[in-house]
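Understanding the architecture of this molecule
Letter by letter, the chains look like this.
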Amino acid sequence: MSDLPAGAEPVELDARGLLCPQPVIRLARASRGLPPGSVLQVLADDPAARYDIPAWCRLKGHSVELTEGIGHAVFRVVLGQPNSS
Amino acid sequence: MVGPLVCSPSTTVITVSANASARFRLDAAQGPLHPAAKATLLAALDAGWADPARLYSEGRRAGQLLQTARAVFAEDLGVSAESVSLHPSPADALAVGIAGLRHARRRVGTRLLTSAADQALTLAAADPEAPLPVDRAAKLDVERFSAATGQPGVALAVIAASNGEVGTRQPLDELHRACREAGVPLLVDATAGLGRDATPASWDVLVGGTALVGGPPLGVLAVRPTVRFAVPGPGREAEARRTFTPPWVPLALAAAEAWRQSRPSAESDGEAAFRLVEQIRLAAAAVPDVEVVGDPVDRLPHVVTFSALYADGEALVRAFDRRGIAVASGSACTSSTLEPSHVLAAMGALTHGNVRVVLPLPAVQPDLDTGVASMVATLGEVVAEVRAELGSSDL
């Protein structure tokens, strides 16, 4: 599914309780300096994060899968090639 | 003796003062009256105060004035004055339009087809029917819509002629053709553009408002005479049996006056607005991590929205406001809204850091060019300022 090196642990980010645009700001910061293929797992309960995290991934060339947690959403973000912008 | 509500400060109960400083209002959703509409409103206070249902001469005169107001809209919409009714707001007109079509079609079914980018009121009326998806520009797929109209139990389709948040137009001619083939009536919700964009021709029922042309915020509802339409429930004696009470005649006349005044320059005003919006689109797109959404060309002339990553919509609105520029936002980064704009969400667009501009008519907002130039000049600085406040400048 991803070209994650075997054994590498996903970076965990708990953004529960944070309102927009903080979850995306935290995610962008956590992803800085990580190589393509790195995986981040984000927990968020702000309704806007459901749309904004996938939109951020689209704008930045990353892929994302959303699953439902209890009272929050879980986003699995796989970093793509850094884009030129 | 009790003094009047509004006059000199020494005798009034409510003090009214206008904001005198130079400000640019780039949000036409509800604004000051067109000067001619204001003059008509004042004159109508003397001439049209009576209940148009009364049979004495003042009542009959008010009734005639109301009929004049309806006729002004009817002529431009291509129907008779009897087909047009006036309502307290566009939302009221939309709710009556939906109720009238649905009730008339109750033997066929109750399902309401709409798009995920339509107004919240329409989506609520469609529930539990899921709305049809839209693409990244908020446009509806004609084939998908056609297929849905052929399903059993569809009472009506309600489609916004163009989107009030992002400006994208829908292919109304094709959508109406699909509806006709399926025998489903189409309500076109032209709230976002009526009077400012080309008047739609492909509809069975049409809804619009009068605030965008500098009138009071009334709603207009037109029903083609061949369309089966009946609003349920007793007591609806006014406005072609669509509402309980007629509109207050002075307001109806002011709305008609604003509409009439806007017609001669509608095309050139639209072209000018299109160019101004283009300037805002270009300026926003030039700022790093700012996305301008909606169709860049097939759009309302006077509407534009963009979203800035790592910024908060309410802070952007306040930062523009401090610079004398009034804009709206579809973000939920505000204490007053819990859910972000369902339109931006349906498009897959960023919902935070959103700014929406709805340009007023130059007759209502003088120096519109200067206002847009001021916004264009400060846009980058405003986004940078808000990101600095949030500590996200480094991203």
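From a predicted model like this one, the values you see are computed outputs, not experimental measurements. Numbers given to residues run from 1 along each chain, matching the order in which its sequence is written. Here every chain gets a letter starting at A, and every ligand a number starting at 1, in the order they are written. Where local features are concerned, this predicted model is filtered to residues with pLDDT of at least 70; where side-chain atom pairs are given and counted, the filter is 80 or more; whole-chain, interface and lining totals use all residues. Hydrogens and water molecules were not included; the side-chain quantities draw on all heavy atoms of the structure.

1. Examining the state of the cysteines
All names here are of chain A. Two cysteine sulfurs form a disulfide in these notes if their separation is within 2.5 Å. Within this structure, the stated rule accounts for zero disulfides over all chains. Residue Cys57 stays outside any disulfide, its sulfur separated by 16 Å from that of Cys20, the closest cysteine. Whether a residue is buried, partly exposed or exposed follows from its accessible area with a 1.4 Å probe, protein chains only, as a fraction of its type maximum: under 20%, in between, or over 50%, in that order. Cys57 gets classed as buried once you look at its relative accessible area, which sits at 1%.

2. Thoughts on the interface of chain A and chain B
Taken together, the contact between chain A and chain B spans 17 residues of the former and 23 residues of the latter. Looking at the side of chain A facing chain B, the largest losses of area belong to Pro21, Tyr51 and Arg58 of chain A, adding up to 28% of the total buried there. In what follows, salt bridge is the name for a side-chain nitrogen of Lys or Arg lying within 4 Å of a carboxyl oxygen of Asp or Glu. Linking chain A to chain B there are four salt bridges. Of the charged contacts in the structure, one is a salt bridge between Arg32 of chain A and Asp394 of chain B, with a shortest N-O distance of 3.0 Å. By the convention used here, residues are in contact when the closest approach between their heavy atoms is within 4.5 Å. The term buried area means the drop in 1.4 Å probe accessible area that two parts suffer when joined, counted for both and summed.

3. Describing the environment of Cys20 of chain A
Helix and strand labels come from DSSP, where a helix needs a run of H or I of at least four residues and a strand needs a run of E of at least two; each type is numbered from the N terminus. With respect to the helices, strands and loops of the structure, Cys20 of chain A is situated in the loop between strand S1 (11-14) and helix H1 (22-31). A sequence separation of 49 residues divides Cys20 of chain A from Gly69 of chain A, and the C-alpha atoms of the two residues are 19 Å apart.

4. A word on the packing of aromatic side chains
Residues and elements named next belong to chain B. Under the pairing criterion, centres of Phe, Tyr and Trp rings, with the six-membered ring standing for Trp, must be within 6.5 Å; the plane angle then separates stacked pairs below 30 degrees from edge-to-face pairs above 60, leaving the rest tilted. Scanning the entire structure with this criterion turns up one aromatic pair over all chains. Their ring planes at 50° and their centres at 5.6 Å tell us that Phe73 and Trp259 sit as a pair that is tilted. Of this pair, Phe73 sits in helix H2 (residues 57-77) while Trp259 sits in helix H7 (residues 249-262); the two residues are 186 residues apart in sequence, bridging distant segments of the chain. Across this residue pair, the class does not change: Phe73 and Trp259 are buried. One Lys or Arg, Arg263, reaches over the ring of Trp259 and ends 4.6 Å from the middle of that ring. Consider the ring centre and the ring normal. A charge sits over the ring if Lys NZ or Arg CZ is within 6 Å of that centre and within 35 degrees of that normal. The cationic tip of Arg299 hangs over the ring face of Phe274; the distance from NZ or CZ to the ring centre is 3.7 Å.

5. A short note on the environment of Arg224 of chain B
Residues and elements named next belong to chain B. Structurally, Arg224 is set in the loop between strand S7 (219-223) and H7. Remark: the alpha-carbon pair of Arg224 and Val205, spanning 19 residues in sequence, is separated by 6.3 Å. Ignoring sequence-local partners within four residues, the contact set of Arg224 consists of Leu77, Gly78, Val79, Ala201, Trp203 and Asp204.

6. Quick look at unusual backbone geometry
Of note, the amide linkage connecting Cys20 of chain A to Pro21 of chain A takes the cis form, showing an omega dihedral of 5°. Its place among the elements puts Pro21 of chain A in the loop between S1 and H1. In this structure, the amide linkage connecting Asp127 of chain B to the following residue, Pro128 of chain B, adopts the cis form with an omega of 10°. Counting through the fold element by element, Pro128 of chain B comes out in the loop between helix H4 (120-126) and helix H5 (142-149). Backbone geometry places Tyr310 of chain B, a non-glycine residue, at a positive phi of 60°.

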